[in-house]
Amino acid sequence: MKRTILLFYFISIMLHSFSQQTSCNEEMIMNTKGSWGKRPDANTYPDESFAKNQFAQANSRIDKIQKLVQTAYPYPKGIEAGWYRGISGKALVKGGPAPYGLNVILLTYFCNTNKIQLGDETGTWAYVWANQFNWFAEYVKEFSIKKQPVYLLTQRDGEINGYPVYKGQHNENSNTGIKYSHAVIITRSGQSPYIPVTKKEYLKAFLLFNEKKLTESLAGIEKGFIVKTDAQEEEAKQKGLESIAKTYSANVVERRKAEYLKNYKPEKQKKEEWLAKTKKDYEDAMKPVHDILTNSAEQDLIQPAIIDDIDFQKFTGFSTEATGGRQLVSLNPGYFDSKLAKYIPQFFIVYWRWNKGRAQENFKSQLEANFDFNALKAMLDK
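The structure reproduced in this document is the subject of the present report. (Residues numbered from 1 in each chain as written. Predicted model: local features only at pLDDT ≥ 70, side-chain atom pairs only at ≥ 80, totals over all residues. Heavy atoms only, no water.)

A word on the pattern of salt bridges. Following the criterion strictly, the structure yields 20 salt bridges and no others. We note a salt bridge from D381 to R188, for which the minimum N-O separation is 2.8 Å. Pair noted here: D381 is in the segment after α10 (373-377) and R188 is in the loop between β10 (179-186) and β11 (194-196), with a separation of 193 residues, a long-range link. Judged by relative accessible area, D381 falls into the partly exposed class, the value being 31%. Under the relative-accessibility criterion, R188 is labelled buried at 12%. Of the charged contacts, one joins D291 and K287 as a salt bridge, the two residues approaching to 2.9 Å between their closest N and O atoms. Residue D291 and its partner K287 are both found in helix α7 (residues 267-295); the two are separated by four residues, about one turn of the helix. Judged by relative accessible area, which is 48%, K287 ranks as partly exposed. (Salt bridge = Lys/Arg side-chain N within 4 Å of Asp/Glu carboxyl O. Helix = DSSP H or I, 4+ residues; strand = E, 2+ residues; numbered from the N terminus. Buried < 20%, exposed > 50% of the residue type's maximum accessible area, 1.4 Å probe, protein only.)

Right under this line is the structure:
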């Protein structure tokens, strides 16, 4: 009997030990070797001026870019890497280069009970875009500079091999954040497809935007108030008094009538008061802007505008990159060479995003350590 109990005990220990060894865990996921695979291309809404017989030229360049990415991350761990080409979007300038790019989706393995399973959704991607900003910069719809679109860059986040790194638009860098992204722009040396918006340009745009809003608000007030004649006002007042007499008991009706008459305002008076308040609110909000434009040295006003965020309702001052501020820029049409074929890349955006997790963070680390940004730069204008 004792032997049976001991045998059962040892078998239980062995089964428990085996179960522990075979339970799915992060280490097993990282030991799962992934691979690279080609997926169908997605040429949705390409630039209308980009001839389809030139798509092959763009595709050949995307294929070279894909090799750079795969060289940086050749052996996926706990991840299956799929890639496809994409030709989509309008050229930034009329007659300018066509947008296209590489899309890399990185599906991660995970533990489903005690089994390793490949996920079918992911927040981990890599992109290399040619001739387009995409998520690198946030389009600002409120104003333009010299008829050129304005963009808000994301925060600077250090450098990689001498190239400034920016936080992408899909960051959630908080204590509980699980999504992160980085971006690098590759341009001709000493040149840029965008130029800084100065403090003066931003402040003047702020004033112009609010002047238009004020005009619209005043017009709405004028339209919304129908001014009555004296006879019409008297008639309306009497109807109000009659309504009070019908609504309230006799012991309070006179007090209610007195309050009503004391607070009664003709439509003309209400309109004038509302117009005056709107103008006063506008003047109060614009005063800090006028003060800066009046009292600041010109040398300070021509410095780049760095702000925390676009807020054309109230100006609270400029920020700095050191405190997390973001730089405003406008498109630089002079950067683009119209003599080059539309499929020639004139600048690149390298953009990668990852979810929190060991496999995803390994991909991020490998890409940032190994990607050859200089080789990508060598592809410009070719």
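Now for unusual backbone geometry. Of note, the phi angle at Y45 is positive, near 50°, even though the residue is not glycine. Mapped onto the fold, Y45 is located in the loop between β1 (36-38) and α3 (55-72). Owing to a relative accessible area of 73%, Y45 belongs among the exposed residues under this scheme.

With that out of the way, let us pick up the environment of D372. Considering the arrangement of structural elements, one finds D372 in the loop between α9 (358-370) and α10. With 304 residues separating them in the primary sequence, D372 and L68 have C-alpha atoms 6.8 Å apart.

What follows deals with the packing of aromatic side chains. Scanning the model with the defined rule gives 33 aromatic pairs in all. Between F209 and F312 the ring centres are 4.9 Å apart and the planes differ by 65°, which places this aromatic pair in the edge-to-face class. Of this pair, F209 sits in helix α4 (residues 199-224) while F312 sits in the loop between β12 (306-307) and β13 (326-331); the two residues are 103 residues apart in sequence, bridging distant segments of the chain. With 6.4 Å between their ring centres and 45° between their planes, W352 and F373 make a pair best called tilted. With W352 in strand β14 (residues 348-355) and F373 in helix α10, this residue pair connects regions lying 21 residues apart in the sequence. Relative accessible area serves as the criterion here: at 1%, W352 is assigned to the buried category. A relative accessible area of 3% places F373 in the buried class. In textbook terms, an aromatic cluster arises when at least three aromatic residues are bridged by ring pairs, as seen for F133, F136, Y139, Y151, Y166, Y194, Y335, F336 and F347. In this structure, R156 packs its charged tip against the face of Y166, placed 5.6 Å from the ring centre. The ring of Y335 has R188 sitting right over it, with the charged end atom 4.3 Å from the ring centre. (Phe/Tyr/Trp six-rings, centres within 6.5 Å; stacked < 30°, edge-to-face > 60°. Lys NZ or Arg CZ within 6 Å of the ring centre and 35° of its normal.)

So, about the nonpolar core. A general feature of soluble globular proteins is that nonpolar side chains tend to end up buried together. Grouped together as the largest cluster of nonpolar side chains are 43 residues, with contacts concentrated most on I186, F348, W352, F371, F373 and L376. Looking at this core element by element, the count peaks at seven residues for α3. Apart from the residues within four sequence positions on either side, F348 is in contact with I65, V128, W129, A130, V184, I185, I186, L376, M379 and L380. (Core = buried A, V, L, I, M, F, W, Y, C linked by side-chain atoms within 4.5 Å. Contact = heavy atoms within 4.5 Å.)

Attention shifts here to the state of the cysteines. Under the defined criterion, the tally for this structure stands at one disulfide. Between the sulfur atoms of C24 and its disulfide partner C111 the distance amounts to 2.0 Å. The sign of the S-S torsion, about -80°, decides the handedness of the disulfide formed by C24 and C111: left-handed. Here C24 is found in the loop between α1 (2-22) and α2 (26-30), whereas its partner C111 is found in strand β3 (residues 100-112), with 87 residues between them in sequence. Residue class for C111 comes out partly exposed when judged on its relative accessible area of 30%. (Disulfide = S-S within 2.5 Å.)

Where burial is concerned, most of β13 is hidden: six out of the six residues are buried. Where strand β7 (residues 148-153) and β13 come together, three bridges link them in antiparallel fashion. If you follow V150 over to β13, its bridge partner there is S330. In this structure, β11 lies alongside β13, joined through three bridges in antiparallel fashion. Following the sheet pairing, I195 is matched in β13 by S330. (Pairing = 2+ DSSP bridges.)

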